[in-house]
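# An overview of the molecular structure
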Amino acid sequence: MKVLVINCGSSSLKYQLIDSESENALAVGICERIGQDISYLKHTPNGGEKIVIEAAMKNHEDAIKMVLDALTNSKYGVIKSLDEISAVGHRVVHGGEKFATSTIITDEVIQAIEDCNDLAPLHNPANLIGIRACAKLMKGVPMVAVFDTAFHQTMPPKAYLYGLPNEYYNNYKIRKYGFHGTSHSYVSQMAAKFIGRDINDSKIIVCHLGNGASISAVLNGKSIDTSMGFTPLAGLVMGTRSGDIDPSIIDFIAKKENKSLDEIMNVLNKESGMQGMSELSSDFRDLNDAIDIGNEKARIAFDVFVYRVAKYIGSYIVAMNGVDAIVFTAGVGENDWRVREEVCEYLGFLGIKIDLEKNMLRGQAVMLTQPECKVKVCIVPTNEELAIARETVSLL
Ligand code: AMP
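This text gives an overview of the structure that appears in the document. (Residues numbered from 1 in each chain as written. Predicted model: local features only at pLDDT ≥ 70, side-chain atom pairs only at ≥ 80, totals over all residues. Heavy atoms only, no water.)

## What to know about the site of the ligand
What surrounds the ligand is the set Gly210, Asn211, Asp283, Phe284, Arg285, Ala330, Gly331, Val332, Asn335, Asp336 and Arg362. Here aspartate 283 contributes a side-chain N or O atom positioned 3.5 Å from an oxygen atom of the ligand. A distance of 3.4 Å separates an oxygen atom of the ligand from a polar atom in the backbone of valine 332. Here the ligand, which alone exposes 510 Å², has 72% of that area covered by the protein. Among the secondary structure elements, those contributing two or more residues to the shell around the ligand are α10 (284–292) and α12 (330–335). If one sorts the elements of the shell around the ligand by residue count, α12 sits on top with four residues. Taken together, the residues that form the shell around the ligand break down as three nonpolar, four polar and four charged. (Near = heavy atom within 4 Å. Polar contact = N/O pair within 3.5 Å; in protein donor to acceptor, adjacent residues only side chain to side chain. Areas by Shrake-Rupley, 256 points an atom, 1.4 Å probe, with all protein chains shown as cover. Helix = DSSP H or I, 4+ residues; strand = E, 2+ residues; numbered from the N terminus. Nonpolar A, V, L, I, M, F, W, Y, C, P; charged D, E, K, R; others polar.)

## Focus on the packing of aromatic side chains
Taken as a whole and assessed by the stated rule, the structure comprises eight aromatic pairs. Geometrically, the ring pair formed by tyrosine 168 and tyrosine 172 is stacked, given 6.4 Å between the ring centres and 25° between the ring planes. Taken together, the positions of tyrosine 168 and tyrosine 172, both in helix α5 (residues 166–172) and four residues apart, correspond to about one turn of that helix. Exposure remark for tyrosine 168: the relative accessible area of 33% places this residue in the partly exposed category. Residue class for tyrosine 172 comes out exposed when judged on its relative accessible area of 52%. Ring pairing ties together the aromatic residues Phe284, Phe302 and Phe305, which thus form one cluster. Stacked on the ring of tyrosine 160, the Lys or Arg arginine 175 has its end atom at 3.6 Å from the ring centre. Positioned above the aromatic ring of tyrosine 177 is the side chain of arginine 175, whose terminal nitrogen or guanidinium carbon lies 4.9 Å from the ring centre. (Phe/Tyr/Trp six-rings, centres within 6.5 Å; stacked < 30°, edge-to-face > 60°. Buried < 20%, exposed > 50% of the residue type's maximum accessible area, 1.4 Å probe, protein only. Lys NZ or Arg CZ within 6 Å of the ring centre and 35° of its normal.)

## What about the pattern of salt bridges?
Following the criterion strictly, the structure yields 20 salt bridges and no others. Of the charged contacts in the structure, one is a salt bridge between lysine 42 and glutamate 32, with a shortest N-O distance of 2.9 Å. Here the residue lysine 42 occupies a position in strand β4 (residues 39–45), and glutamate 32 occupies one in strand β3 (residues 24–32), the gap between them amounting to 10 residues. Residue class for lysine 42 comes out partly exposed when judged on its relative accessible area of 25%. Taking the relative accessible area as the measure of exposure, glutamate 32 reaches 26% and is therefore partly exposed. The shortest N-O distance in the salt bridge between arginine 175 and glutamate 97 comes to 2.8 Å. Separated by 78 residues along the polypeptide, arginine 175 in the loop between α5 and α6 (181–194) and glutamate 97 in the loop between β6 (85–92) and β7 (103–104) bring together distant segments of the chain. Accessibility expressed as a relative area gives 29% for glutamate 97, which makes it partly exposed. (Salt bridge = Lys/Arg side-chain N within 4 Å of Asp/Glu carboxyl O.)

Written out as structure tokens, the structure reads:
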């Protein structure tokens, strides 16, 4: 069956049409700058050229109309009619404590997602707009919500509770939720297969290092801890996000610079991390180029990033009382040899020694450690869209 996977951001909409039997993407694309004067649809049919269409998309409903037109277009479309789409899988960022698994979308589910809006005010409303637009334009086609937070709902209270007065958890559900769950779930399963272990008897650390980055400890197929928290701002140093900081810094900056909380949160989310420290770029390709020509700030930012990743790995080895595999995935994890090499330098005490030539490979699953290494280190490409399509098919 053909599954349309939709990932709505506040001003963008990514999509893939996936054939669930072959697991191939028949078309992939993105609508950008939704709500602005000029928006774009970038659409690539499998095996074909990417086309870019400029059009005004006032809202996500317009964007979904454009996507459906592109999919059925006589020149660059990949299906004859919308009847060929059997289901839609939606990425939803926050499912709170209500959703520990993916779910078929009903009116009650839409309401429950809406109830989680204040936990993810930038993301969940956009996800809901996408869900409602599809419901309107594709009447009767079943839809499934796949939550970024769901995989981490297996964390025990000792991992998800903060050291705050209980009332904040009781009244507002302030706790660690964790994100990138679809990726952590998919990659840990693929990694268990790749190293030849039963997922139900395995200790895997997944390093999802992209523009946003998080690490999780996956024990016997279940997330028991993860580095993002109540929001995706916590944990690792990221492209533009600070990751963990001492909370008192917020009050200190507010007083020193007479900044509002909103302004400071904007700094922490959009002007910090690799961008803020390097004063150059949030993109690891730029940082690597800068390091190659001796840029000190880029080098220090890189050191901070790698050190933080290594420390989280260490803490999750303690949390699981051991580890079978450490897995790198997402844009940086899959592509950046320097990050992997330098993180692994911290892990020599585990007997880890990676093959530096294999570490230059990209775009495929790669075993980086020698067969005699007890702890395996590997690259496993993530594929959140395929994971969403699989969930959608399995629920229907
Ligand atoms: P993601 O959020 O998973 O899509 O990852 C995007 C990030 O991956 C970019 O911002 C880059 O920092 C990083 N990235 C992509 N390609 C490369 C590459 N060839 N080398 C190093 N980093 C890369």
